[in-house]
Amino acid sequence: MHRVFMAKQAISTTHRDIIKQIKERNFAPVYLLMGDESYYIDRISEYIADNILPESERDFNQQIIYCTKETHVADIINFARKYPMMSEYQVLIVKEAQNLLKIDELSIYAKNPLKTTILVICYKNGSIDSRKKLVTTIEEVGVVFESKKLREGMLPSFISDYVKRKNISIDQQATMMLVEYIGSDLNRIASELDKLALALPLGFNQINAAIIEKNIGISKEFNNPELRTALINRDVYKANQIINYFEANPKTNPLVVTMSMLFNFFSNMMLAYYAPDKSPRGLMEQLELRLDWQLKDYTKAMRVYSAMKTMQIIDKLRETDGKLKGIRKGNLTDGDIMRELIYFILH
């Protein structure tokens, strides 16, 4: 999930390891936080901003720079080389560092960082090449953390862990509703879970489908997880009911999300068919699943759809995606196209 390099210390694997070391007042002079998943970058930088300096010292000794293409690396270095005022440390957080045109020049400072400065570089929407001088230099003196997008199979585990830290729980149906509705945007998932936690009735400590339906607007009966279940069970009536509901409620049920769910599911089935080890553990490793119950849909579907049929469905999904985008669509509505797809899958 993440790669972390810590100078002269044991290699860590999660953002919690970094936060734990900060909590123990074990600071690195430079942190490079980069990657496609902004959630963990934000959590680490926020923790540093809120916990290294007491609030009374932040006005003079904590600086946040939001980078644009006009931001000069030399100005960042000059800030970093200042000494704190009546404090042991100064904290400099550089946000949106991906906008810096000559970011590798920060290696000039990283070669010999001040012990009294804690420099945090937040680089989002990608990673700096690990061979670049900036990365190799910071690896020698500080922390390089790479945050990658979670695969779909890891999202239920993220949700479960998140609500557990709030001393509440969430059932499987509610979890899959969130995964299918929101996707892999961890910041949005966390935000919705925060809202749902506040919306729980007094004395109730589990998020369920009814609470999601009431507070987010996703139908607990007509949604993408229920569509997948209907296809696995070969329930023609239910599958078409759901498609009709989607057609009548396009704003809350965008077909691009439904198509993504279907493509991911049947693509994962093909991966399962090609798994060298088809034991439950082998399939979970092949599909990168974290929770046992996530495997049940795949094993049940593999009893219903052969490898050949699965491959044909994937081809049909590609054709359907083209039609939804206007290619050879003719006079068909989006609902007609989806019903045609569901008929092909089920027959």
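Residues numbered from 1 in each chain as written. Predicted model: local features only at pLDDT ≥ 70, side-chain atom pairs only at ≥ 80, totals over all residues. Heavy atoms only, no water.

1. A few points about the nonpolar core
Judged by nonpolar contacts, the single largest core of 52 residues is most densely connected at Tyr31, Phe158, Leu178, Leu193, Ile207 and Ile212. With 7 residues, helix 2 (residues 38–51) is the largest single contributor of residues to this core. With residues near it in sequence (within four places) discarded, phenylalanine 158 still touches Tyr39, Tyr40, Leu150, Leu186 and Ile189. In terms of nonpolar packing, the next biggest core, distinct from the first, is built from 37 residues, Ala230, Leu283, Leu287 and Leu317 among them. (Core = buried A, V, L, I, M, F, W, Y, C linked by side-chain atoms within 4.5 Å. Buried < 20%, exposed > 50% of the residue type's maximum accessible area, 1.4 Å probe, protein only. Helix = DSSP H or I, 4+ residues; strand = E, 2+ residues; numbered from the N terminus. Contact = heavy atoms within 4.5 Å.)

2. A word on the side chain of serine 87
On the secondary structure map, serine 87 appears in the loop between helix 4 (73–80) and strand 4 (90–95). Residue classification places serine 87 among the buried positions, given a relative accessible area of 17%. A distance of 2.5 Å separates polar atoms of two side chains, one belonging to serine 87 and the other to glutamate 57. Excluding residues within four positions of it along the chain, serine 87 makes contact with Leu53, Glu57 and Asn61. (Polar contact = N/O pair within 3.5 Å; in protein donor to acceptor, adjacent residues only side chain to side chain.)

3. Remarks on the packing of aromatic side chains
Centre-to-centre distance and the angle between the planes together describe a pair of aromatic rings. Summed over the entire model, instances satisfying the criterion amount to 8 aromatic pairs. Relative to tyrosine 40, the ring of tyrosine 39 has its centre 5.2 Å away and its plane inclined at 85°; by these criteria the two rings are edge-to-face. Across this residue pair, the class does not change: tyrosine 39 and tyrosine 40 are buried. One aromatic cluster in this structure is built from Tyr39, Tyr40, Phe158 and Tyr162. Stacked on the ring of tyrosine 39, the Lys or Arg arginine 43 has its end atom at 4.5 Å from the ring centre. The ring of phenylalanine 344 has lysine 309 lying over it, and the distance from NZ or CZ to the ring centre is 4.2 Å. (Phe/Tyr/Trp six-rings, centres within 6.5 Å; stacked < 30°, edge-to-face > 60°. Lys NZ or Arg CZ within 6 Å of the ring centre and 35° of its normal.)

4. A look at helix 13 (residues 255–273)
Count 3.6 residues to each turn of an α-helix, and residues three or four apart come out pointing the same way. With 19 residues, helix 13 ought to run about 27 Å at 1.5 Å a step, and its terminal C-alpha atoms sit 27 Å apart, in line with that. For helix 13, the full list of buried residues reads Leu255, Thr258, Met259, Met261, Leu262, Phe265, Phe266, Asn268, Met269, Met270, Ala272 and Tyr273. (Expected span 1.5 Å × (residues − 1).)

5. Thoughts on a nonpolar patch on the surface
Side chains of Phe60, Met85 and Met86 sit close together on the surface and give an oily, nonpolar patch of about 410 Å² of accessible area. Locating methionine 86 in the fold gives a position in the loop between helix 4 and strand 4. For methionine 86, a relative accessible area of 76% translates into the label exposed. (Patch = residues over 30% accessible without salt bridge, like charges linked within 9 Å, V, L, I, M, F, W, Y side chains within 5 Å. Areas by Shrake-Rupley, 256 points an atom, 1.4 Å probe, with all protein chains shown as cover. Salt bridge = Lys/Arg side-chain N within 4 Å of Asp/Glu carboxyl O.)

Without other data, these values stay purely geometric and don't point to any function.
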